[in-house]
Amino acid sequence: MSQNLLGTARCIFKRDLILAGRKPADVATPLAFFIIVTSLFPLGVGPEPDVLSKLAPGVLWVAALLASMLSLGRMFAGDHADGTLEQLALSPHPLTPLVFTKILAHWATSGLLLVVLSPLLAMQLNLPTHAMGTLVVTLLLGTPVLSLLGSVGAALTLGVRGGGVLLSLLVLPLYTPVLIFGAGAVTASASGLDTKAYFSLLGAFLLLALAFAPWATAAALRISLD
Amino acid sequence: MYKYASPKNFYALAGRLIPWLGAVTLLLFIAGLYLGLYVAPPDYQQGDSYRIMFIHVPSAWMSMFVYMMMAGGGLVGLVWNIKLADMLATASAPIGASLTLSALVTGSLWGRPTWGTYWVWDARLTSELILFFLYMGFIALQAAIDDPRRSARAGAVLALVGVVNIPIIHFSVVWWNTLHQPASIGSLGKIVSPSIYPSMLHPLLIMSVAFFLFYFTVLLIRMRGEILARERHTGWVAEIVRATPEIRGTHP
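So, here's what we can say about the structure. (Residues numbered from 1 in each chain as written. Chains lettered and ligands numbered in written order. Predicted model: local features only at pLDDT ≥ 70, side-chain atom pairs only at ≥ 80, totals over all residues. Heavy atoms only, no water.)

In this section: the packing of aromatic side chains. Inspection of the entire model under this criterion finds 16 aromatic pairs over all chains. Here W119 of chain B and W121 of chain B contribute two aromatic rings whose centre-to-centre distance is 5.6 Å and whose plane-to-plane angle is 80°, an arrangement assigned as edge-to-face. Here W121 of chain B falls in the partly exposed class, since its relative accessible area comes to 43%. A ring pair is formed by W121 of chain B and W176 of chain B, whose centres lie 6.4 Å apart and whose planes are at 85°; its orientation type is edge-to-face. Of this pair, W121 of chain B sits in the loop between helix 3 (83–115) and helix 4 (123–144) while W176 of chain B is found in helix 5 (residues 148–180), placing the two residues 55 residues apart along the sequence. Through a chain of ring-to-ring contacts, the aromatic side chains of F181, Y198 and F205 of chain A together with W175 of chain B assemble into a single cluster. Against the face of Y118 of chain B rests R112 of chain B, its NZ or CZ located 5.4 Å from the ring centre. Over the face of the ring belonging to Y11 of chain B we find R224 of chain B, whose NZ or CZ atom lies 4.1 Å from the ring centre. (Phe/Tyr/Trp six-rings, centres within 6.5 Å; stacked < 30°, edge-to-face > 60°. Buried < 20%, exposed > 50% of the residue type's maximum accessible area, 1.4 Å probe, protein only. Helix = DSSP H or I, 4+ residues; strand = E, 2+ residues; numbered from the N terminus. Lys NZ or Arg CZ within 6 Å of the ring centre and 35° of its normal.)

What follows is the structure, given as structure tokens:
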């Protein structure tokens, strides 16, 4: 491989986006899940607008979190099956930045779309309009953290039997801080409170995850490829 | 010292230590429970119900300590490739999970007389619950991977990611809890404050040491089992099997 690291990373990013575009159903399934789960809540708790607007921040965040988790399976599975992952591990470049690129591409085809979809579902759940911006910003800060933390779990469960359910057991406990502050910010904003502290904390989680998760994922991938 | 890093020598050493550790653990449990249940006076507010603290608090402390041991063992196994450290991590997980469960159950039973309900989303109980999920994830991951080397290394990475996250999870839950609930509910920290009477403090300390030694006793027993299972193709394990009539009967 004669390309430099940045060129290789750009190549991987483009490739992953093209592959996602060729299989739109894989991209759409978690989104459909997001829509269905949020639509089930009014059926379960009743259509009263007051109740729904009170539940909306939690419901939207939990649904987005589960949808993002469901999409984790395809982050490395295809590349593991056809041997691309071995080639990446064998490349002269360090594995960590390459893995980071893959996580970024995965987020762009899962988490980012959840963010775009969320205001529509928020209207459905009668979330106050002034909290809509907070919802989008918290999801924008929070879903990359979910992808980054989830990538460790996805790498560890690669090729393991019962991988899907196991993956949820591994990553859901780690998602709790993001859920607490993400949903907390939207609730605070809906009742007219200041949300600066929540944004700072979510930003801090994002920076921490950016610094450590790709590294742990690369280590986990090397173990799985062993 | 290095001699005992080999599974064979460690197996023999653990076998010699277990009866002594077990005996001391038993004596401490008897002393701690006697002092805690008979000698210590009833609490002026909580009556006798506070006595569950002598089980609850050591369980909660140990549940976190065992996770640290597990992650530490995982790190040593990952970096220096020491089989014994991997076995320590694997053997610690079910003990830690049981202690976490014990802390959860006793906490919930204690909650009934003091808070009037079995479960409150108290910060400490909630983070114990998440710790329990983390243990379950570790055990499930190791159980799902057949190759012992890969299983140990995957578990180690997960335990280390967990260790980084535990403080974050704990403080998030504490923050969340203060937002959602009035702080008037007595947290366990206030009960175990430094103002505690010596007659209540002594049994608590004795019980903590007892739980600590209990962990090491069970750890050694489990590690011996783990060693036998992983080294079953070696000559010295075959020797043990030949010398033990009960085992020989089932495995000709």
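Note on interface size: it is often stated as the accessible area lost on association of the parts. Each partner contributes residues to the interface: chain B has 28 residues there, and chain A has 26 residues. For the pair chain B and chain A, the summed buried surface comes to about 2,300 Å²; carbon and sulfur atoms form 76% of the total. Looking at the side of chain B facing chain A, the largest losses of area belong to R150, V157 and W175 of chain B, adding up to 23% of the total buried there. Counting across the chain B and chain A interface gives one salt bridge. Note that R161 of chain A and D146 of chain B form a salt bridge whose closest N and O atoms lie 2.5 Å from each other. Connecting chain B to chain A are four residue pairs in polar contact (both at pLDDT 80 or more). Put simply, the parts of the chain that give the side of chain B that touches chain A at least two residues each are helix 4 and helix 5 of chain B. Counting residues per element, the side of chain B that touches chain A draws most heavily on helix 5 of chain B, which supplies 16 residues. (Contact = heavy atoms within 4.5 Å. Buried area = accessible area lost by both parts, 1.4 Å probe. Salt bridge = Lys/Arg side-chain N within 4 Å of Asp/Glu carboxyl O. Polar contact = N/O pair within 3.5 Å; in protein donor to acceptor, adjacent residues only side chain to side chain.)

All names here are of chain B. At a closest axis distance of 7 Å, the pairing of helix 2 (residues 53–80) and helix 3 adopts a crossing angle of 160°. With respect to each other, helix 2 and helix 3 are oriented roughly antiparallel. Considering only the axes of helix 2 and helix 3, their crossing is left-handed. Tallied by class, residues from the contact of helix 2 with helix 3 come to 16 nonpolar, twelve polar and one charged. (Axes fitted to C-alpha atoms, helices over the stretch in contact; angles between N-to-C directions. Parallel < 35°, antiparallel > 145°, perpendicular 65-115°, else oblique. Left-handed = near helix turned anticlockwise from the far one by under 90°. Nonpolar A, V, L, I, M, F, W, Y, C, P; charged D, E, K, R; others polar.)

In this section: helix 3 (residues 49–70) of chain A. All names here are of chain A. With 22 residues, helix 3 should reach 32 Å at 1.5 Å per residue; the first-to-last C-alpha distance of 29 Å fits that figure. A56 marks the point of greatest bend in helix 3, at about 50°, and the proline P57 comes within the next four residues. Turning to helix 3, its buried residues number three or more, namely L52, A56, P57, V59, L60, W61, A63, A64, L65, A67, S68 and M69. Packing partners of the buried residues in helix 3 comprise helix 2 (24–45), helix 7 (111–124), helix 8 (132–156) and helix 9 (163–190). (Expected span 1.5 Å × (residues − 1). Bend = angle between axes of the 7 residues up to and from the residue.)

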